[in-house]
Amino acid sequence: VKRIRTHHLRSMKERGERWTMLTSYDMYTAQIFDEAGIEVLLVGDSASNNVLGNETSLPVTVDELIPLTRAVARSARRALVLADLPFGSYQASEEQAYLTAARFMKEAGAHGVKLEGGAEMAATIRKLTDGGIPVCAHIGFTPQSEHTLGGYRVQGRGDAAERVLRDAHAVAEAGAFAVVMEMVPGDVAAQVTKELAIPTVGIGAGAETDAQVLVWQDAFGLRSGRMPRFVKQYVDVRSVLLEGARAYAHDVRAGTFPGPEHTF
Ligand code: KIV
Ligand code: NA
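Since we're looking at a predicted model, the values are computed, not measured.

Things to note about the coordination of the sodium ion (ligand 2)
Under perfect tetrahedral coordination by four donors, a metal shows angles of 109.5 degrees; under perfect octahedral coordination by six donors, it shows angles of 90 or 180 degrees.
Consideration 1: Every protein donor of the sodium ion (ligand 2) is accounted for by Asp45 (OD) and Asp84 (OD), and the metal-donor separations fall at 2.2 to 2.3 Å. Residue Asp45 is found in the loop between β2 (40–43) and α3 (47–50), and its partner Asp84 is found in strand β3 (residues 80–84); the two are separated by 39 residues along the sequence. Pair check on accessibility: Asp45 and Asp84 agree, each one buried.

Structure representation (structure tokens):
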């Protein structure tokens, strides 16, 4: 199998073929999603609130994300493995961003990094790409800035559409190979997608982007509770695991597991 590279994703856009990104934070999901043909595996800072038990993405650290990224990079044969730069690990300076991103490439085997921000991150994106690190930008609603954005809300409605367009063009000009747009009106995301040569990746950004991304625990039903409107749940992994754990506990209590066939 041939490794997916950033130019393949660009060619797919040029051919009008949509591609897919999913989060992954461990060996088995990386193997499974890779086998399913997902082009990009994102080791998101969403590991913070989907793996590590935090309430938001803010607390996760570089040292916590590197081993998860390494597991995914070791396990995916075809997918491009993208590492999310966590909050506070790249915003202080271009130098801080480069040193952090280089750790994900060297220590974890990532093939690129993702960072949040638009025009204000352009110089950082240029620094990283000039230094050999492919960058995927993330604009619209950016969860690491929830406290300055005033909570989880759609970005780019009405006059604010200009801001999204400006950010999209800024990150593309700075050398980003793709741009994630989160919680942006569908018509705005469609316009960005038409205007940019690089692929756009939507999450809550309508059907007209070049690619889509979802957090796997949302899409496949591991997480329970209220889901954002942009999530579609494809399977219900949680109920399968719940059934398995209950059946196992029942068998052990009843003395029916282990059976003779499991015994030496
Ligand atoms: O961390 C994450 O999972 C993400 C995607 C939702 C784009 O940034
Ligand atoms: Na993220």
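So much for the structure itself; the text now carries on.
Thoughts on unusual backbone geometry
Consideration 1: Cis peptide bonds are those with omega within 30 degrees of zero, and the linkage from Phe257 to Pro258 qualifies with 0°.
Consideration 2: Position of Pro258 relative to the elements: it lies in the segment after α11 (237–254).

Quick look at the site of ligand 1
Consideration 1: Residues in close proximity to ligand 1 include Thr23, Leu42, Gly44, Asp45, Ser46, Asp84, Lys114, His138, Ile203, Val213 and Val215, which together make up its full environment.
Consideration 2: At a separation of 3.0 Å, an oxygen atom of ligand 1 approaches a polar side-chain atom of Asp45.
Consideration 3: Here an oxygen atom of ligand 1 and a side-chain polar atom of Ser46 are 2.5 Å apart.

Concerning the packing of helix α5 (residues 94–108) against helix α6 (residues 122–130)
The relative placement of two packed helices comes down to the angle between their axes together with the axis-to-axis distance.
Consideration 1: Interaxial distance between α5 and α6 falls to 9 Å at its minimum, and their mutual angle equals 45°. Comparing their axes, α6 and α5 come out oblique. Taken as a pair, α5 and α6 cross one another with a handedness that is right-handed. For the pair formed by α5 and α6, the contact residues are Glu94, Ala97, Tyr98 and Ala101 on the first element and Ala123, Thr124, Lys127 and Leu128 on the second.
Consideration 2: When grouped by side-chain class, the residues that make up the contact of α5 with α6 number five nonpolar, one polar and two charged.

Here we look at helix α9 (residues 186–195)
Every α-helix carries 3.6 residues per turn, so stepping three or four residues along brings you back to the same face.
Consideration 1: The set of residues buried in α9 consists of Val188, Ala189, Ala190, Val192 and Thr193.
Consideration 2: Where α9 is buried, its residues contact α1 (6–14), α8 (161–173), β6 (178–182) and β7 (200–203).

Considering the sheet that holds strand β1 (residues 19–23)
Consideration 1: One closed barrel holds the eight strands; their spatial order is β1-β2-β3-β4-β5-β6-β7-β8, and the pairing between them is parallel. Going from strand to strand, the sheet's axes swing by 25° on average, the running direction of each strand aside.
Consideration 2: Alignment of β1 against strand β8 (residues 211–214), held across four bridges, turns out to be parallel. Bridging across to β8, Met21 finds its partner in Val213.

A short note on the packing of aromatic side chains
Consideration 1: Applying the stated criterion across every chain yields a total of four aromatic pairs.
Consideration 2: With centroids separated by 6.1 Å and ring planes inclined at 65°, the aromatic side chains of Phe33 and Trp216 adopt a geometry described as edge-to-face. With Phe33 in helix α2 (residues 27–35) and Trp216 in helix α10 (residues 216–219), this pair connects stretches of sequence that are 183 residues apart.
Consideration 3: Of the residues examined, Phe33 reaches a relative accessible area of 7% and is grouped as buried.

Some details on the domain arrangement of the chain
Consideration 1: Annotation of the chain at the domain level lists domain 1 (6–233) and domain 2 (237–264).
Consideration 2: Of note, the centres of domain 1 and domain 2, computed from C-alpha atoms alone, are 39 Å apart.

Description of the pattern of salt bridges
Side chains that differ in charge, positive against negative, can pair when their charged atoms come close.
Consideration 1: Here the structure, examined in full by the defined rule, presents nine salt bridges.
Consideration 2: Of the charged contacts, one joins Arg103 and Asp63 as a salt bridge, the two residues approaching to 3.0 Å between their closest N and O atoms. Highlighted residues: Arg103 in helix α5 and Asp63 in helix α4 (residues 62–75), separated in sequence by 40 residues.

Quick notes on the pairing of β2
Consideration 1: Alternating positions in β2 separate into two faces, Val40 and Leu42 on one and Leu41 and Val43 on the other, with burial throughout.
Consideration 2: As judged from the three bridges shared by β1 and β2, these two strands associate in the parallel manner. Each residue of the ladder has a partner; that of Thr23, found in β2, is Leu42.
Consideration 3: With respect to chirality, the unit in which β1 leads through α2 into the neighbouring parallel β2 is right-handed.
Consideration 4: Alignment of β2 against β3, held across four bridges, turns out to be parallel. Counterpart to Val40 in the pairing with β3 is Leu80.

Calculation rules
- Residues numbered from 1 in each chain as written.
- Chains lettered and ligands numbered in written order.
- Predicted model: local features only at pLDDT ≥ 70, side-chain atom pairs only at ≥ 80, totals over all residues.
- Heavy atoms only, no water.
- Donors = N, O, S within 2.8 Å, 3.2 Å for Na, K, Ca; no water.
- Helix = DSSP H or I, 4+ residues; strand = E, 2+ residues; numbered from the N terminus.
- Buried < 20%, exposed > 50% of the residue type's maximum accessible area, 1.4 Å probe, protein only.
- Near = heavy atom within 4 Å.
- Polar contact = N/O pair within 3.5 Å; in protein donor to acceptor, adjacent residues only side chain to side chain.
- Axes fitted to C-alpha atoms, helices over the stretch in contact; angles between N-to-C directions.
- Parallel < 35°, antiparallel > 145°, perpendicular 65-115°, else oblique.
- Left-handed = near helix turned anticlockwise from the far one by under 90°.
- Contact = heavy atoms within 4.5 Å.
- Nonpolar A, V, L, I, M, F, W, Y, C, P; charged D, E, K, R; others polar.
- Pairing = 2+ DSSP bridges.
- Phe/Tyr/Trp six-rings, centres within 6.5 Å; stacked < 30°, edge-to-face > 60°.
- Domains from an automatic or database assignment.
- Salt bridge = Lys/Arg side-chain N within 4 Å of Asp/Glu carboxyl O.
- Right-handed = clockwise from strand over helix to strand, strands pointing away.

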